[in-house]
Amino acid sequence: MAESGSEEKTEAPSQKRRDDAREEGQVAYSKELSSVAMLGGFLLLFYFGSGRMLTSFQESFRYAFVNLNQGDLSIPMLEQLTWGFFNQATVLVGPFFITAILVGVFSSVLQVGFQITLKPIQPKFNKLSPLAGFGRIFSKQAFNELLKSIFKMGLIGYIGYYTFVEYTQQLQNLIDQDPRALLEISAEIFGVFSFRLFLALLVLAMADYFFQRWDLEQKLKMSRQDLKEEMKQSEGDPQLKAKIRQIQAQMSQARQMQEVPKADVVVTNPTHFAIAMKYDRDSMAAPQVIAKGADHIARRIIEIAGENGVAIYQNPTVARGLYFQVEVGDTIPEAFYRAVAEILAFVFKAKKKKRRS
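How each quantity is defined
- Sequence order as written defines residue numbering, which begins from 1 separately in each chain.
- Restriction of local features to residues with pLDDT of at least 70 applies here, the model being predicted, together with a cutoff of 80 or more for giving and counting side-chain atom pairs; totals for whole chains, interfaces and linings are based on all residues.
- In computing side-chain properties, one takes all heavy atoms of the structure into account and sets aside hydrogens as well as water.
- Helix and strand labels come from DSSP, where a helix needs a run of H or I of at least four residues and a strand needs a run of E of at least two; each type is numbered from the N terminus.
- The buried label goes to any residue with under 20% of its type's maximum accessible area, the exposed label to any with over 50%, and the partly exposed label to all in between, with areas taken from a 1.4 Å probe on protein chains only.
- Contacts are assigned to residue pairs that have any heavy atoms within 4.5 Å of one another.
- Only the protein chains shown count as covering a residue, and every accessible area follows the Shrake-Rupley method with a 1.4 Å probe.
- The span expected for a helix works out to 1.5 Å for each residue beyond the first.
- Picture the helix axis, draw a direction to every C-beta atom, and the arc is the one those directions span.
- For two strands to count as paired, DSSP must find a minimum of two bridges between them.
- Fitted lines through C-alpha atoms serve as axes, helices being fitted only where they are in contact, and the angles separating the N-to-C directions of these axes extend from 0 to 180 degrees.
- UniProt positions are given in the numbering used here, feature names are shortened, and annotations may be inferred rather than shown by experiment.
- Patches here: salt-bridge-free residues with over 30% relative accessible area, like charges joined within 9 Å, nonpolar side chains (Val, Leu, Ile, Met, Phe, Trp, Tyr) joined within 5 Å.
- Throughout this description, the term salt bridge denotes a Lys or Arg side-chain nitrogen within 4 Å of a carboxyl oxygen of Asp or Glu.
- Counting rule for charge: Lys and Arg are taken as positive, Asp and Glu as negative, and neither His nor the chain ends is counted.
- To locate a charge, take NZ of a lysine, CZ of an arginine, CG of an aspartate or CD of a glutamate.
- What makes a nonpolar core is a set of buried Ala, Val, Leu, Ile, Met, Phe, Trp, Tyr and Cys residues whose side-chain atoms join them at distances within 4.5 Å.
- Note on aromatic contacts: the rings of Phe and Tyr and the six-membered ring of Trp form a pair at centre separations within 6.5 Å, being stacked when their planes are under 30 degrees apart, edge-to-face when over 60 apart, and tilted otherwise.

On to the overall build of the protein chain. Helices and strands together make up the secondary structure of the protein chain, namely twelve helices and four strands. Counting across all 357 residues of the protein chain, residues that qualify as buried make up 28%. Relative to all contacts within the protein chain whose residues are 6 or more apart in sequence, the contacts with residues 24 or more apart total 74%. Counting every atom, the protein chain has about 24,800 Å² of accessible surface; 61% of that belongs to carbon and sulfur.

Below you can see the structure in the form of structure tokens.
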């Protein structure tokens, strides 16, 4: 049989293989999608909070020019100035920091779900091998990342150039205007450029995400030998399970044989089937099958019954029906009440006659 590693992996991965890969940190994750989500978050932050940020920026400069021209700077004054700058900086930097955390977590959970595992960051000594590192540098994944980087650089350059050319005339008209107009047109150009870049990178990120899912599916594919080995691990070796079933059957037969001497009657067919039944009017609603068997097991039941003085009654129809319809330990079905009652009546009557004689 061919080795698993040399077989072509054509089978879809099993759920167990997917779960194991997930535990190892192998998931369909696109860095491009997280990056574009971060860019989108920052754009929304600028759109809704740019006015407040600009006001805070202006207040910071105003605060500096008003307070830093004092001749005598004391320690309390420096502490006050430091806290003032810190508060203003918090307004400027804080929203970016919070947005980066929220968007980063959300984009990751959206792609792979909520999964916490430390295995990807555990040290792996095989990665210290220079040959392995050299192989990763020139791997298919590294080549794909290089192509994506080149494509993104070209895309950013094209969008920037196209946007600049579109606003060239407006920039030329700013020569005779005040600096505030320059700030406004610069903000507009930056906004248009960022939004166009976001849309372009979003398309790229979605394509990359679906590629990552496809690539992971290819890596997790299994050969037929892999499936067989996994089935053995999850369900057990078929030969071992057969051996266990054989041992269980032998133990069950041994327990049945121990119960045969307690039976009131053994119904036979006459040697192919044997059904041992017991009936106690005080504790049982109906007769109970305490042992049954076919062929050599049936002959052994009959033999033990004969050795222990248990009545043996030949009724092929009843014996065959009880064998196929009733399990050991169960009471007989209502359909057999009449036939079994006649058998037990005959047996009990024969026992009474034997005790009198």
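For helix α11 (residues 316-325), every residue scored as buried is listed here: V318, A319, G321 and L322. Of the surrounding secondary structure, the elements contacted by the buried residues of α11 are β1 (265-268), β2 (273-278) and α12 (337-356).

On to helix α10 (residues 296-307). Its twelve residues give α10 an end-to-end C-alpha distance of 16 Å, which sits within 8% of 16 Å, the value for a rise of 1.5 Å per residue. Listed in full, the buried residues belonging to α10 are I297, A298, I301, I302, I304 and A305. Take α10 and look down its axis: the buried residues cluster within an arc of 165 degrees, on one side only. Those residues of α10 that are exposed and angled more than 90 degrees off the buried face are H296 and E307.

Here we have four strands laid out as an open sheet, ordered β3-β2-β1-β4, and mixed in their pairing. Taken across any chain shown, the strands that pair with only one partner, and hence form the sheet edges, are β3 (288-294) and β4 (311-314). Taken pair by pair, the neighbouring strands of this sheet meet at an average axis angle of 20 degrees, ignoring direction. Relative to β2, β1 runs antiparallel, the two being bridged by four bridges. Residue pairing for β2: V267 is matched across the bridge by I275. The strands that α10 touches are β1, β2, β3 and β4; relative to β3, the one it contacts most, it runs at about 125 degrees.

UniProt's entry tags residues 33-50, 92-114, 146-165 and 185-211 with the feature "transmembrane region" (unreviewed entry), counted in the numbering of this structure. The span residues 33-50 carries 100% helix and 0% strand; its end-to-end C-alpha distance comes to 25 Å. Between the end C-alpha atoms of residues 92-114 there is a gap of 31 Å, over a span that is 91% helix and 0% strand.

A separate point is the side chain of T268. Tracing the sequence through the fold places T268 in strand β1. Ignoring sequence-local partners within four residues, the contact set of T268 consists of F273, A274, I302, I312, Y313, Q314, N315, P316 and A319.

Together, R281, K352, R355 and R356 give the surface a local cluster of positive charge. Within the secondary structure layout, R355 lies in helix α12. For R355, a relative accessible area of 63% translates into the label exposed.

Before going further, it helps to examine the pattern of salt bridges. Within this structure, the stated rule accounts for eleven salt bridges. Residue R18 pairs with E217 through a salt bridge whose shortest N-O separation is 2.9 Å. Of the two residues, R18 is situated in helix α1 (residues 15-23) and E217 in helix α7 (residues 179-220); the sequence distance between them amounts to 199 residues. Exposure remark for E217: the relative accessible area of 25% places this residue in the partly exposed category. We note a salt bridge from D215 to K219, for which the minimum N-O separation is 3.3 Å. Residue D215 and its partner K219 are located together in helix α7, separated by four residues, close to a single helical turn. For D215, a relative accessible area of 14% gives the class buried. Connected via shared salt-bridge partners are E32, K148, K152 and D208.

Within the largest apolar cluster, 17 residues are counted, with the highest numbers of intra-cluster contacts made by M277, V318, L322, I332 and V340. Those elements that provide at least two residues to this core are β1, β2, β3, α11 and α12. For this core, the element with the most residues is α12, which contributes four residues. Apart from residues lying up to four places away in sequence, L322 is in contact with I275, M277, I332, P333, F336 and V340.

Here we come to the packing of aromatic side chains. What characterises a pair of aromatic rings is the spacing of the ring centres plus the angle enclosed by the ring planes. Throughout the structure, instances matching the rule amount to eleven aromatic pairs. Consider the rings of F273 and Y323, whose centres lie 4.8 Å apart with planes at 45 degrees: the pair is tilted. Here F273, found in strand β2, pairs with Y323, found in helix α11; they are 50 residues apart in sequence, far enough to count as distant. When its relative accessible area of 13% is taken as the criterion, F273 is described as buried. For Y323, a relative accessible area of 21% gives the class partly exposed.

Within the fold, A181 resides in helix α7. A181 sits ten residues away from L171 along the chain, and the two C-alpha atoms are 9.9 Å apart.

Time to look at the pairing of β3. Within β3, six of the seven residues are buried, which leaves the element mostly enclosed by the surrounding structure. Both β2 and β3 contribute to a ladder of six bridges, which runs antiparallel. Its bridge partner being in β3, I275 is matched across the sheet by K292.

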